[in-house]
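A closer look at the structure
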Protein chains: 2
Amino acid sequence: MELNADWVVGFVDGEGCFHVSIRSHPEMTVGYQVLPEFVVVQHTRDRQILFALKRFFGAGAVRRNHDDRDCLRIRKLDSLNKVCEFFLAHPLSTKKNVDFRKFRRIVNLMQQGKHLSREGLLEIIDIACQMNSSKRPALEKIKTSLLCTG
Amino acid sequence: MELNADWVVGFVDGEGCFHVSIRSHPEMTVGYQVLPEFVVVQHTRDRQILFALKRFFGAGAVRRNHDDRDCLRIRKLDSLNKVCEFFLAHPLSTKKNVDFRKFRRIVNLMQQGKHLSREGLLEIIDIACQMNSSKRPALEKIKTSLLCTG
């Protein structure tokens, strides 16, 4: 199955998710690892769409998500940069575009290595907290912890 | 906002629903009314996408669905026929295309007035029961009732 760029934008406007999580990682200088990912979840019956998207972006892995759902996850920074370039050239039409722009800022900061410093990590956390229109108490907790140890 | 045909296909592959319900209607000769509809539900923040789709198809109504969700519903038979023509010319890529083809068969049968006869209604119920990959006990009950009164 060959996917068309505009189709991909429409499908991702509906089904895609740009997400950034941050988890404790004692081996890193700053103590935390930033994990940005682009995710598309589908019912198992549409698994072939996930493989077509994987081919389209030339990146990612298709795996079982939970129950009868599969997902495509793109996590490598270089691949995420390509994904960002695509959605910059082909803008999303829904409010997801607002999340995408924040996601892109985080990917850019990471490419500059900013996530490896306390100040950069705090900036990334502030951006991530404004994404996906949901409260992120875990991120707020990490932020407080970083500010207390600063 | 101007929508592109391929974007619409991708978005509907993700978010659209082709649905047929059948309800009791004592004033109709056969005693039941067939209600096909094309529905797209979105969070209220993306209400403008529903209006853009309404303009794109030149049909439908945007209303509150439930909680923080709005929906575009297209129900008029002539408008649904235009929706079907569009998705026939621009096929969906997911398994939703299977449901769409069944939906289109029902819309065609209705345009021929087949839903007004007991035999036609039974044919429509059989097709509707195979849609949306979920059991439809209410439709099975109507079918049994029609077969018993035949």
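Scroll up for the structure.
Residues numbered from 1 in each chain as written. Chains lettered and ligands numbered in written order. Predicted model: local features only at pLDDT ≥ 70, side-chain atom pairs only at ≥ 80, totals over all residues. Heavy atoms only, no water.

A word on the overall build of chain A
- Helix and strand counts for chain A stand at six helices and four strands.
- Each helix and strand of chain A, placed in order from N terminus to C terminus, yields the pattern α-β-β-α-β-β-α-α-α-α.
- Relative to the 2.2 N^0.38 estimate, which gives 15 Å for 150 residues, the radius of gyration of chain A is 16 Å and therefore close to what a compact globule would have.
- Buried positions account for 46% of the 150 residues belonging to chain A.
- Within chain A, contacts between residues separated by at least 24 positions form 60% of all contacts whose residues are at least 6 apart in sequence.
- A total accessible area of about 7700 Å² is found for chain A, and carbon and sulfur atoms account for 49% of it.
- Each charge class in chain A can be summarised by its mean position, and for the 24 positive and 17 negative side chains these summaries are 2 Å apart. (Helix = DSSP H or I, 4+ residues; strand = E, 2+ residues; numbered from the N terminus. Rg over C-alpha atoms; globule rule 2.2 N^0.38 Å. Buried < 20%, exposed > 50% of the residue type's maximum accessible area, 1.4 Å probe, protein only. Contact = heavy atoms within 4.5 Å. Areas by Shrake-Rupley, 256 points an atom, 1.4 Å probe, with all protein chains shown as cover. Lys, Arg positive; Asp, Glu negative; His and termini not counted. Charge placed at Lys NZ, Arg CZ, Asp CG, Glu CD.)

A closer look at the relation of the copies chain B and chain A
- Its rotation angle being 180°, the transformation that places chain B on chain A also includes 0.0 Å of axial translation and leaves an RMSD of 0.0 Å. The symmetry that links the two subunits is that of a two-fold axis.
- Of the residues that chain B buries at the interface, 100% are likewise interface residues in chain A, meaning the two copies contact each other through the same surface. (Least-squares fit on C-alpha atoms with pLDDT ≥ 70 in both.)

A closer look at the nonpolar core
- Ranked by size, the top nonpolar core spans 92 residues in total, and within it A:Phe87 and B:Phe87 carry the most contacts.
- Setting aside its immediate chain neighbours within four residues, B:Phe87 contacts B:Val8, B:Val9, B:Val12, B:Phe18, B:Phe38, B:Phe57, B:Leu92 and B:Phe100. (Core = buried A, V, L, I, M, F, W, Y, C linked by side-chain atoms within 4.5 Å.)

Regarding the interface of chain B and chain A
- In this complex, chain B contributes 19 residues to the contact, which on the side of chain A involves 19 residues.
- For the pair chain B and chain A, the summed buried area comes to about 1500 Å², and 53% of that belongs to carbon and sulfur atoms.
- Interface area lost by chain B to chain A is led by B:Trp7, B:Ser93 and B:Lys95, which between them contribute 32%.
- Viewed at the interface, chain A and chain B are joined by zero salt bridges.
- At the boundary of chain B and chain A, one finds six residue pairs in polar contact (both at pLDDT 80 or more).
- Here the element with the most residues in the side of chain B that touches chain A is helix α1 (residues 5-15) of chain B; it accounts for eight residues.
- Partitioning the side of chain B that touches chain A into residue classes produces five nonpolar, eight polar and six charged. (Buried area = accessible area lost by both parts, 1.4 Å probe. Salt bridge = Lys/Arg side-chain N within 4 Å of Asp/Glu carboxyl O. Polar contact = N/O pair within 3.5 Å; in protein donor to acceptor, adjacent residues only side chain to side chain. Nonpolar A, V, L, I, M, F, W, Y, C, P; charged D, E, K, R; others polar.)

Considerations on the pattern of salt bridges
All names here are of chain A.
- Following the criterion strictly, the structure yields 14 salt bridges over all chains and no others.
- For Asp70, the salt bridge is made with Arg47, and the minimal N-O distance between the two is 2.8 Å. Taken together, the residues Asp70 in strand β4 (residues 69-74) and Arg47 in helix α2 (residues 47-57) connect sequence positions 23 residues apart.
- Its salt-bridge partner being Asp68, residue Arg69 comes within 3.7 Å of it at the nearest N-O pair.
- Arg69 sits in the partly exposed class, given a relative accessible area of 34%.
- Judged by relative accessible area, which is 36%, Asp68 ranks as partly exposed.
- Three or more residues joined by partner-sharing salt bridges are found here, namely Glu37, Arg73 and Arg75.

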